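# Breakdown of the fold
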Amino acid sequence: MGIIYIGSLLLFAIGCGIMVTGVIFLLTRQERKKATLSVIIGILLVISTMIIPKLLPSVEDERIVQVDKKSLIEIEIGYRCSIIDKYAQMTFIYEGNKRIEVEEVCNQYSLGNEYKIAYRYEKGKFMIRNED
């Protein structure tokens, strides 16, 4: 995950650099064709860098987490249980339609204890996988 993040930052910086170089060449009226081409390439690199995170597949993993805080709330699609590890600065989420099902998952974890949580990372959230 870190390699993709660093790679996209580098791609963004290269795209901005190429774009700025093209704009400077256009303003100083030097080599118009190369300047226009570099502006277009720079814009394409910046746009592709913004799209890359949305195309990433979900990642599944397990992690040992200390439960510092947990909450059960009602959301539009049902209910959500949030498990927070302050040290790792991570929030693990379990969502479901039935309150009883979400409460059961949430009650598996008690405050102050460490647990091994299987999760799936998708769309910027750590979703708990319920292993029944």
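Structure's up top.
Predicted model, so just to flag it, every value in this text is computed and none were measured.

## Regarding the nonpolar core
Ranked by internal contacts, the top residues of the largest apolar core, which has 15 residues, are Cys81, Ile83, Phe92, Tyr94, Tyr109, Ile117 and Ile128. Apart from residues no more than four positions distant in its own chain, cysteine 81 is found in contact with Ser71, Leu72, Phe92, Ile93, Tyr94, Val102 and Cys106.

## As for the sheet that holds strand β5 (residues 114-122)
Strand order in this open sheet of 6 strands is β1-β5-β6-β4-β3-β2, and the pairing throughout is mixed. With one partner strand each, in any of the chains shown, β1 (59-66) and β2 (69-75) form the two edges of the open sheet. For this sheet, the mean angle separating the axes of adjacent strands, direction not counted, is 35°.

## Thoughts on the pairing of β5
Where a strand is regular, its side chains alternate between the two sheet faces. Where β1 meets β5, 8 bridges bridge the pair, whose relative direction is antiparallel. Within β5, the residue paired with valine 65 across the bridge is tyrosine 115. Relative to strand β6 (residues 125-128), β5 runs antiparallel, the two sharing 4 bridges. Considered in β6, the bridge of arginine 120 is made with methionine 127. Where β5 folds back onto β6 in an antiparallel hairpin, the turn is made up of 2 residues, including lysine 123, whose phi is positive at roughly 55°.

## Re the environment of valine 65
Within the element layout of this structure, valine 65 appears in strand β1. Of the residues examined, valine 65 reaches a relative accessible area of 1% and is grouped as buried. Along the sequence, valine 65 and alanine 35 sit 30 residues apart, while their C-alpha atoms lie 52 Å from each other. The contacts of valine 65, once residues within four sequence positions are left out, are Asp85, Phe92, Asn113, Glu114, Tyr115 and Ile117.

## Focus: the pattern of salt bridges
Counted according to the given criterion, the structure contains 4 salt bridges. Put simply, glutamate 31 and lysine 34 hold a salt bridge, and the shortest N to O gap is 3.5 Å. Assessed through its relative accessible area of 56%, lysine 34 is described here as exposed. One salt bridge connects arginine 80 with glutamate 95, and the closest N-O pair in it is separated by 2.6 Å.

## Examining the environment of isoleucine 117
In this fold, isoleucine 117 is placed in strand β5. Discounting chain neighbours no more than four positions away, the residues touching isoleucine 117 are Asp61, Glu62, Arg63, Val65, Ile83, Phe92, Tyr109 and Ile128.

## Focus: the state of the cysteines
Counted under the stated rule, the structure contains 1 disulfide. Here cysteine 81 is linked by a disulfide to cysteine 106, with a sulfur-sulfur distance of 2.2 Å. Disulfide cysteine 81-cysteine 106: the torsion about the S-S bond is 75°, which places it as right-handed. On the criterion of sequence distance, the pair formed by cysteine 81 in strand β3 (residues 78-85) and cysteine 106 in helix α3 (residues 99-107) is long-range, its members being 25 residues apart. We classify cysteine 106 as buried; its relative accessible area is 5%.

The rules behind these values
- Residues numbered from 1 in each chain as written.
- Predicted model: local features only at pLDDT ≥ 70, side-chain atom pairs only at ≥ 80, totals over all residues.
- Heavy atoms only, no water.
- Core = buried A, V, L, I, M, F, W, Y, C linked by side-chain atoms within 4.5 Å.
- Buried < 20%, exposed > 50% of the residue type's maximum accessible area, 1.4 Å probe, protein only.
- Contact = heavy atoms within 4.5 Å.
- Pairing = 2+ DSSP bridges.
- Helix = DSSP H or I, 4+ residues; strand = E, 2+ residues; numbered from the N terminus.
- Axes fitted to C-alpha atoms, helices over the stretch in contact; angles between N-to-C directions.
- Salt bridge = Lys/Arg side-chain N within 4 Å of Asp/Glu carboxyl O.
- Disulfide = S-S within 2.5 Å.

Take it as geometry only, folks, not as evidence of what the structure does.
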